[in-house]
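# A look at the structure
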Amino acid sequence: MKYAAVVLRNNRNALSSVKYEGVADAFLAGGVFLEEIQLLPYDCPSLVSSQLARLALDCDSLFVICDRVLLPSAREAVSVAADADFEDEYLLETEKCFYAVIPAGKRGEELVAQEIVPKIDARRNKRYSRVAIKTVGAPQDVLINAMRAAERAGEGKLTLHAAESFGEGKIELIYDQDTPKMAADDAVRVLASALGDYVYAMEDTSIAERLVEACKLHRLKISTAESFTGGGVGGAIVAVPGASEVFYEGLNTYDNQSKQVRLGVKVSTLQAKGAVSDETAYEMAAGLIASGTCDLAIATTGIAGPKSDNTAKPVGLCYLAIGTKERVRVYRFHLSGDRENITKTAINLALFYAYREIK
């Protein structure tokens, strides 16, 4: 069976794009492989209809992905191509083809997983399973080699899919009901072994969620002190439902004086080593622990860019400190990319090493 999608975009702005990657990933997770994806202008419904009609000649299912505001015009284009009317808000099924109009974003991803994939499974009389492995900070060559080894272990019976966002990675193994369970289990074991300490979960969960779960389990309180991540570490934690049970406070200590007053960072440390240094990160985390109000401290200091500070230290240099009542560990990274990539990657790394400290 063949599956294809049409993505509607703003034809007047060639640089604009619909965020359809999450929807495509949701299809892949359900064992639905989109063999063709076309980007078409939203304001040419006749072109959309004609392309859908062409694709319907050899496709079992067709999907139109668009921004929510374009759903009515997408339904109209599909109705013309299918020569049938929608009885459901999103789905249209004819004798020859199954159609769906899908809003881009989270709602579309949920729609694919909860309604569209089950419909497709019923049509093809085949069910797919998925195993997700989540990582943080795994180098590209490590990921590639791990996936190659898993493919060999799966003997060609599995499909592997990898995605990465700001240092947080997800590898999915997808297989149908006819695949021997031993082949899937072997591939999972190979992946987990090859990725080693970079793995934080064997399910599709975020590193912030896993950290909050671990703190609840161990009854720990978390505090954060952030100098260049702008509250992003604390924000990721409190975005997790139930985080109020474990999150004590978050400080944004950008100014050096704030680091001294709020955290007890020494003036001599700042003068001799600078705000972006191993020693400053250490004292930031130690200051949180010394307050006696938390069990786990996360501190960040770095240079996000686009320009460096007044020292010779490069953009992307950062120090992440993780403190407990027993010790403080400091991790040094030199991250690449723009300001957003550097800060968001640092946030995920900070959460990851905090989780590793207490898991």
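Let me begin by describing the structure that accompanies this report. It should be emphasised that the depicted structure is a prediction, and the values quoted were computed from it without experimental measurement.

### Re the overall build of the chain
When its secondary structure is counted, the chain shows twelve helices and 14 strands. With respect to the principal axes defined by its C-alpha atoms, the chain has extents near 75 × 50 × 40 Å. Of all 359 residues assigned to the chain, the portion counted as buried reaches 49%. Considering only intrachain contacts with a sequence separation of at least 6, the fraction spanning at least 24 residues in the chain is 67%. Working note: accessible area of the chain is about 17,400 Å², and carbon and sulfur atoms make up 47% of it. Counting 41 positive and 48 negative side-chain charges, the chain places the centres of these two groups 5 Å from one another.

### Describing unusual backbone geometry
In this model, Gly305 is joined to Pro306 through a cis peptide bond whose omega is 10°. By secondary structure assignment, the location of Pro306 is in the loop between β12 (296-302) and β13 (317-323). Positive phi values are uncommon outside glycine, yet Asp83 reaches one of about 55°. As for its placement among the helices and strands, Asp83 is situated in the loop between α3 (71-82) and β4 (91-93). Exposure remark for Asp83: the relative accessible area of 69% places this residue in the exposed category. A positive phi angle, close to 55°, is found at Phe166, a residue other than glycine. For Phe166, the location among the structural elements is in the loop between β7 (159-165) and β8 (168-176). With a relative accessible area of 23%, Phe166 lands in the partly exposed category.

### Focus on the pattern of salt bridges
The tally for this structure, following the rule as stated, stands at 25 salt bridges. Note that Glu36 and Arg54 form a salt bridge whose closest N and O atoms lie 3.2 Å from each other. One end of the pair, Glu36, is in strand β2 (residues 34-41); the other, Arg54, is in helix α2 (residues 45-56), and 18 residues separate them in sequence. Of the charged contacts, one joins Glu357 and Arg327 as a salt bridge, the two residues approaching to 2.9 Å between their closest N and O atoms. Here Arg327 lies in the loop between β13 and β14 (328-334) and Glu357 lies in helix α12 (residues 339-358), a separation of 30 residues in the sequence. With relative accessibility at 14%, the residue Glu357 sits in the buried group. On the accessibility criterion, Arg327 (39% relative accessible area) is partly exposed. Residues joined by salt bridges that share partners form a network here, namely Arg130, Lys134, Glu168, Lys170, Glu172 and Asp204.

### Section: the sheet that holds strand β3 (residues 61-66)
Strands sit in the order β2-β1-β3-β5-β4 across an open sheet of five strands; the sheet is mixed. Here the strands that pair on one side only, and so sit at the sheet edges, are β2 and β4. Across the sheet, the mean angle from the axis of one strand to that of its neighbour is 15°, orientation sign disregarded. Across the sheet, α3 touches β1 (3-9), β3, β4 and β5 (98-103), and the angle it forms with β5 is around 170°. This element, helix α4 (residues 106-124), spans β1, β3, β4 and β5 of the sheet and lies at about 170° to β5.

### Structural notes on the environment of Gly264
Mapped onto the fold, Gly264 is located in the loop between α9 (256-263) and α10 (267-273). If we skip the residues at most four places from it in the chain, Gly264 touches Lys259 and Glu283.

### Looking at the sheet that holds β8
Ordered by their spatial adjacency, four strands build an open sheet running β7-β8-β6-β9, and the pairing between neighbours is antiparallel. Whereas interior strands pair on both sides, the edge strands pair on one side only; in this sheet they are β7 and β9 (199-201). For this sheet the average axis-to-axis angle between neighbouring strands, irrespective of direction, equals 30°.

### What to know about the packing of aromatic side chains
Two numbers describe a pair of aromatic rings. These are the distance of the centres and the angle of the planes. As enumerated under the stated definition, the model contains five aromatic pairs in all. For the ring pair Phe352 and Tyr353, a centre distance of 5.2 Å and an interplane angle of 75° mean the geometry is edge-to-face. The two residues Phe352 and Tyr353 agree in class, both being buried. In this structure an aromatic cluster arises from ring pairing among Tyr331, Phe333, Phe352 and Tyr353.

### Section: the pairing of β12
The buried fraction of β12 amounts to seven of the seven residues, a majority that puts the element mostly inside the structure. Covered by surrounding structure in β12 are Leu296, Ile298, Thr300 and Gly302 together with Ala297, Ala299 and Thr301, the residues of both alternating faces. Across five bridges, strand β10 (residues 222-226) lies against β12 in parallel orientation. Residue pairing in the sheet places Glu226 in a bridge with Thr300 of β12.

### Details of the side chain of Arg124
Along the chain, the position of Arg124 falls in helix α4. Beyond its immediate sequence surroundings of up to four residues, Arg124 is in contact with Met1, Tyr3, Gly30, Gly31 and Val32.

### A closer look at the nonpolar core
Counting residues in hydrophobic clusters, the biggest one holds 42 residues, and the most contacted among them are Leu8, Phe27, Phe63, Ile102 and Ile116. Those elements that provide at least two residues to this core are β1, α1 (21-29), α2, β3, α3, β4, β5 and α4. In contact with Ile116, other than residues within four places in its own chain, are Phe27, Phe63, Leu91, Phe98, Ala100, Ile102 and Leu111. Grouped together as the second largest cluster of nonpolar side chains are 37 residues, Ala201, Ala208, Phe228 and Ile342 included.

About the thresholds
Residues numbered from 1 in each chain as written. Predicted model: local features only at pLDDT ≥ 70, side-chain atom pairs only at ≥ 80, totals over all residues. Heavy atoms only, no water. Helix = DSSP H or I, 4+ residues; strand = E, 2+ residues; numbered from the N terminus. Buried < 20%, exposed > 50% of the residue type's maximum accessible area, 1.4 Å probe, protein only. Contact = heavy atoms within 4.5 Å. Areas by Shrake-Rupley, 256 points an atom, 1.4 Å probe, with all protein chains shown as cover. Lys, Arg positive; Asp, Glu negative; His and termini not counted. Charge placed at Lys NZ, Arg CZ, Asp CG, Glu CD. Salt bridge = Lys/Arg side-chain N within 4 Å of Asp/Glu carboxyl O. Pairing = 2+ DSSP bridges. Axes fitted to C-alpha atoms, helices over the stretch in contact; angles between N-to-C directions. Phe/Tyr/Trp six-rings, centres within 6.5 Å; stacked < 30°, edge-to-face > 60°. Core = buried A, V, L, I, M, F, W, Y, C linked by side-chain atoms within 4.5 Å.

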